[in-house]
Amino acid sequence: QDAGNHTLLTEFVLSGLSGRPELQHLLFFTICLVYSMTLIGNLLICVLTVHPALHTPMYFFLRVLSLLDISTATVVVPKMLLNLLSEDRSISYLGCVTQLYCVVFLAATEWYLLAAMAYDRYVAVCSPLRYPAIMSTRACLSLALLCCCSGQVVSVVQTAWLFSLPLCGPRRINYFFCDIPPLVTLSCADTSRYEKQLVSATALVILAPFCLILLSYACIVSSILKISSAESRHRTFSTCSSHLTVVTLYCASGTLIYLQPKSGNSQDAKKVLALIYTTVIPTLNPLIYSLRNKEVKEVLIRMMAVLMKK
């Protein structure tokens, strides 16, 4: 195709995770297992955080994060599993646009939510007496809504701009879902301006919230060091360690994927990073927050005890 008829594209073909047929079934069962764990783990977090003992802002944001993780995995994984068992790996033009929009919206919203969670921890540690007033139910709902609206703006802009480029390369996308890096490589136009814009957007979506998170934790650490009791210091920091672990995982994978969108030599590496970002991290989040959080474990034990009595 040439640049003049790129509008005639009606579908793309996803290459998938691997071109080796002997690995398809192994990949299918492995990813199916991981996806099942993602659904079970995050749904469990949603159920646990409804318990009265966990009716706090921190667990409200954790419940929203779990819903976003379920959505992220569901947007990507079912289509990927279908392609592993089928020779037809096509995806319609509209389907590709929709998938990209959803992936960018969910990713951006999660980043803003992680910043909101860091602010919640900052208020809890640095202004404990004013915490109930500052992080009221209305404030938490407003922050969550603001995160979603911000994510939607980022997604609409990125999706509209990307699909305004002339996509006159081969229909085959060297990826397992429609994402920005592989789609940029299909453009026959000069994408340098778009890539600069994407780097700016990445800084806005990832680095800006990350800087706010670092600032919040700098204040938190300063406050923790002023606590005289070593046990109290450890207990206070333990409430933040899970969040820091999740932020590190998201930041490492997200920046490596999107800061160099048209780097063809690292496409396989980006597949692995994207798989971690969309499939593995959503599975790890419930484990990180449940295994390292005493309150969540206590509620889980209580619920299990009630179920066993029945």
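Quick caveat, the model's predicted, so the values are computed rather than measured. Note on numbering: residues in each chain are counted from 1, in written sequence order. Reporting in this predicted model follows two pLDDT cut-offs: at least 70 for local features of residues, and 80 or more for side-chain atom pairs to be given and counted; totals over whole chains, interfaces and linings ignore these cut-offs and use all residues. Side-chain descriptors were evaluated using all non-hydrogen atoms of the structure, hydrogens and water having been removed beforehand.

A. Broad picture of empty space enclosed by the protein. Grid points spaced at 1 Å and placed over the protein atoms alone form the basis of the search, with a cavity being a set where a 1.4 Å probe fits but cannot get out and a pocket an open set showing protein on both sides within 12 Å along at least five of seven lines. Lining residues have an atom within 4 Å of a point. Grid points are joined across faces, edges and corners, and a volume is the space filled by probe spheres set on the points. In this structure the tally under the stated criterion is three cavities of 30 Å³ or more. Reported here for the largest cavity is a volume of approximately 190 Å³. In terms of lining, the largest cavity is formed by 16 residues, of which the most central are Val104, Ala107, Val154, Val205 and Tyr258. Helical segments are the DSSP runs of H or I of at least four residues, strand segments are the runs of E of at least two, and each set is numbered from the N terminus. Breaking the lining of the largest cavity down by element, the ones donating at least two residues are helix H3 (93-126), helix H5 (137-162), helix H7 (192-225) and helix H8 (230-258). Residue polarity follows a fixed list, in which Ala, Val, Leu, Ile, Met, Phe, Trp, Tyr, Cys and Pro are nonpolar, Asp, Glu, Lys and Arg are charged, and the others, Gly among them, are polar. Residue composition of the lining of the largest cavity, by class: 13 nonpolar, three polar and no charged. What the second largest cavity holds in volume is close to 50 Å³. Every residue lining the second largest cavity is listed: Gly16, Leu17, Met80, Asn83, Leu84, Arg89 and Phe176. When grouped by side-chain class, the residues that make up the lining of the second largest cavity number four nonpolar, two polar and one charged.

B. Region of interest: the packing of helix H1 (residues 24-48) against helix H2 (residues 57-85). Two elements in contact, H1 and H2, have axes separated by 9 Å at closest approach and are oriented at 160°. Classified by the angle between their axes, H1 and H2 sit roughly antiparallel to one another. In this structure, H1 meets H2 at a crossing whose hand is left-handed. Axis lines are fitted through C-alpha atoms, for helices just across the contact stretch, and the angle between N-to-C directions can take any value from 0 to 180 degrees. Angles below 35 degrees are treated as roughly parallel, those above 145 as roughly antiparallel, those between 65 and 115 as roughly perpendicular, and all remaining angles as oblique. Handedness of a crossing follows from how the near helix is turned relative to the far one, being left-handed for an anticlockwise turn of less than a right angle and right-handed for a clockwise one.

C. Seen up close, the state of the cysteines. The rule for a disulfide is simple: a pair of cysteine sulfur atoms within 2.5 Å. Applying the stated criterion across every chain yields a total of one disulfide. One disulfide bridge connects Cys96 with Cys178, the sulfur atoms lying 2.0 Å from each other. When the S-S torsion is -120°, as for the bridge of Cys96 with Cys178, the disulfide is left-handed. On the criterion of sequence distance, the pair formed by Cys96 in helix H3 and Cys178 in the loop between strand S3 (172-173) and helix H6 (180-184) is long-range, its members being 82 residues apart. Between buried and exposed lies partly exposed: a residue is buried under 20% and exposed over 50% of the maximum accessible area for its type, with that area taken using a 1.4 Å probe on protein chains only. For Cys96, a relative accessible area of 0% puts it in the buried group.

D. View of H7. The span one expects for a helix is its residue count, reduced by one, times 1.5 Å. Here H7 is 34 residues long and its end C-alpha atoms lie 47 Å apart, about the 50 Å a rise of 1.5 Å per residue gives. Fitting axes to the seven residues that end at a residue and to the seven that start at it, the angle between those axes gives the bend at that residue. Where H7 bends most, at Ala203, the angle is about 35°.

E. The confidence of the model for the protein, seen in detail. Counting all residues, the mean pLDDT for the protein is 83, and 92% of those residues have values of 70 or more. Taken together, the stretch residues 1-8 has pLDDT below 50 and engages in twelve contacts with residues farther than four places along the chain or on a different chain. Within a predicted model, pLDDT stands for the predictor's per-residue confidence, ranging from 0 to 100. Contacts are assigned to residue pairs that have any heavy atoms within 4.5 Å of one another.

F. Spotlight on the layout of surface pockets. Space inside the second largest pocket adds up to approximately 180 Å³. Looking at the second largest pocket, it is lined by 13 residues, and the ones nearest its centre are Gly41, Leu44, Pro286, Leu287 and Ser290. Contributions of two or more residues to the lining of the second largest pocket are made by H1 and helix H9 (267-291). Of all the elements, H1 adds the most residues to the lining of the second largest pocket, at seven residues. Considering only residue class, the lining of the second largest pocket consists of nine nonpolar, four polar and no charged.

G. Region of the structure containing the sheet that holds strand S2 (residues 90-92). Pairing between two strands requires that DSSP report at least two bridges joining them. With mixed pairing, three strands are arranged side by side in an open sheet as S2-S1-S3. Each edge of the sheet is formed by a strand with only one pairing partner; in this case those strands are S2 and S3. Sheet topology note: the strand S1 (residues 11-14)/S2 ladder contains three bridges and is antiparallel. Bridging from a neighbouring strand, Val13 pairs with Ser90 of S2.

H. Inspection of a nonpolar patch on the surface at higher detail. A grouping of Val272, Ile276, Val280, Leu284 and Leu287 is seen on the molecular surface, where their side chains present a nonpolar patch of about 340 Å² in accessible area. Its place among the elements puts Val272 in helix H9. Here the term patch refers to residues with relative accessible area over 30% and no salt bridge, with like charges joined within 9 Å and nonpolar side chains (Val, Leu, Ile, Met, Phe, Trp, Tyr) within 5 Å. Only the protein chains shown count as cover for residues, and the accessible areas themselves come from Shrake-Rupley with a 1.4 Å probe. Whenever a carboxyl oxygen of Asp or Glu lies within 4 Å of a side-chain nitrogen of Lys or Arg, that contact is scored as a salt bridge.

I. Expanded view of the side chain of Thr49. Tracing the backbone through its elements, the reader meets Thr49 in the loop between H1 and H2. A residue is classified by how much of its surface remains accessible, and Thr49, at 1% relative accessible area, is buried. Contact partners of Thr49, with chain neighbours within four places excluded, come to Leu54, His55, Tyr59, Leu62 and Arg63.

J. Spotlight on the environment of Leu141. Secondary-structure assignment places Leu141 in helix H5. Note on Leu141: relative accessible area 47%, which makes it partly exposed. In the structure, Leu141 is positioned 108 residues away from Leu33 in sequence and 33 Å away in space, judged by C-alpha atoms.

K. Just the pattern of salt bridges, in detail. Going through the model one piece at a time under the given rule, you end up with two salt bridges. For the salt bridge of Arg171 with Glu11, the shortest nitrogen-to-oxygen distance reads 3.1 Å. Taken together, the residues Arg171 in the loop between H5 and S3 and Glu11 in strand S1 connect sequence positions 160 residues apart. Residue Asp120 is joined to Arg121 by a salt bridge in which the shortest nitrogen-to-oxygen separation is 3.0 Å. Arg121 gets classed as buried once you look at its relative accessible area, which sits at 10%.

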